[in-house]
Amino acid sequence: MFGYIIVNKQELKFKEFDIYRSYYCGLCQVLKEKYGMPGQMTLTYDLTFLILLLTDLYQKEPKLSLCRCLAHPFEKHPARVSPFTAYAADMNLLLSYYQCLDDWSDDKKVSKKAASLFLHRHFARISKAYPDKAAAIEKSLVQLHTFEENKTGDVDSSAGCTGRIMAEIFALQNDEWAEELRHMGFYLGKFIYLMDAYEDLEQDAKSGGYNPLLPLSKQDGFEEQCRQILTMMLAEACKSFERLPLDDHVSILRNILYSGIWCRYELTNQKRKDSQNHV
């Protein structure tokens, strides 16, 4: 379900993309250090965005180093690790654990079951370190699973479950910025859920899986209506974003929120148009 909060590389300056990639590599390295290669495999772009956001907001200086990895085995490349990278790694693994359980429940993939068993011992430690966040995330997921199993609940209710999960993750601590971060995370979470549903529309229609957009997809003007809903979600997230006192990485973050986050939508939308034109 995750991996939608991405950068639009074509619209970034080379220096900005290098900075963005170094934070991504930093998260990758911390995941490996804390959880080994299986933990490293859970890496997502969504939490890289959060690291950039929190590092800029709280004006923390990241540690810059050079490293090698499986993707770049022969040449060292920059990796930035901020005080928030370890937190993002923990939240990344927490989300991945639940995603594995969800995939096992839906598709009965043995690989996902095995992954969840490996991640469980780390999940237990993270839950103990962040009990309030773990409890809030689990509560929202239970509610979402109830909607999905019973195939009930409207679009807003289902998306709201993921919204509350991201709101909990974005609000690192209860301080003066918590309300804006929660608001931002909530609407980004709703966008993520709806984008996932939009991508899986044909697959869920064939399999009979729960998808809150299926009823809407049968109505005239679905594509325009869907885009309007997604636009409203991002508009709310961006309101909070623009109220935050950001400086160092604001151009990269704006690239993601105003451009990058639409990349997979545009790709899916074009594929759907091409498929319909060939019918």
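Residues numbered from 1 in each chain as written. Predicted model: local features only at pLDDT ≥ 70, side-chain atom pairs only at ≥ 80, totals over all residues. Heavy atoms only, no water.

Participant: I would appreciate a short explanation of the confidence of the model for the protein chain in the present structure.
Facilitator: When pLDDT is low, close inspection of the predicted coordinates is not appropriate. Mean pLDDT for the protein chain: 87, with 89% of residues reaching 70 or above. Across the protein chain, the secondary-structure element scoring lowest on mean pLDDT is helix H4 (residues 110–129), at 72, and the one scoring highest is helix H11 (residues 250–258), at 96. (pLDDT = per-residue confidence, 0-100. Helix = DSSP H or I, 4+ residues; strand = E, 2+ residues; numbered from the N terminus.)

Participant: What is the right way to look at the side chain of Glu 16 in this model?
Facilitator: Structurally, Glu 16 can be placed in helix H1 (residues 14–40). No salt bridge is formed by the buried Glu 16; its nearest oppositely charged neighbour, Lys 13, is found at 4.9 Å. When sequence neighbours within four positions are dropped, the list of residues in contact with Glu 16 reads Ser 251 and Ile 252. (Buried < 20%, exposed > 50% of the residue type's maximum accessible area, 1.4 Å probe, protein only. Lys, Arg positive; Asp, Glu negative; His and termini not counted. Salt bridge = Lys/Arg side-chain N within 4 Å of Asp/Glu carboxyl O. Contact = heavy atoms within 4.5 Å.)

Participant: Help me out: how do you make sense of the packing of aromatic side chains in this one?
Facilitator: Taken as a whole and assessed by the stated rule, the structure comprises eleven aromatic pairs. The interplanar angle of 35 degrees and the centroid separation of 6.4 Å between the aromatic rings of Phe 17 and Tyr 20 together place this pair among those described as tilted. Remark: Tyr 20 and Phe 17 occur in helix H1; sequence separation between them is three residues, near one turn of the helix. For the pair Phe 17 and Tyr 20, one class covers both residues: buried. (Phe/Tyr/Trp six-rings, centres within 6.5 Å; stacked < 30°, edge-to-face > 60°.)

Participant: I tried to follow the nonpolar core on my own but got confused; where do I start?
Facilitator: Soluble, globular proteins show a tendency: their nonpolar side chains are buried together. Counting residues in each nonpolar core, the largest one holds 84 residues, and the members touching the most others are Phe 49, Leu 53, Ile 169, Met 184, Leu 188 and Leu 213. Counting residues per element, this core draws most heavily on helix H7 (residues 178–199), at eleven residues. Apart from residues lying up to four places away in sequence, Phe 49 is in contact with Ile 5, Phe 170, Met 184, Leu 188, Leu 253, Ile 256 and Leu 257. (Core = buried A, V, L, I, M, F, W, Y, C linked by side-chain atoms within 4.5 Å.)

Participant: Please clarify how helix H2 (residues 45–57) should be interpreted in this entry.
Facilitator: Each turn of an α-helix holds 3.6 residues, which means side chains three or four residues apart point in the same direction. The end-to-end C-alpha distance of H2, which contains 13 residues, comes to 19 Å, matching closely the 18 Å that a straight helix rising 1.5 Å per residue would cover. When you tally the buried positions in H2, you get twelve out of 13 residues, the bulk of the element. One or two residues past the end of H2 sits Gln 59, with phi positive at roughly 50 degrees. (Expected span 1.5 Å × (residues − 1).)

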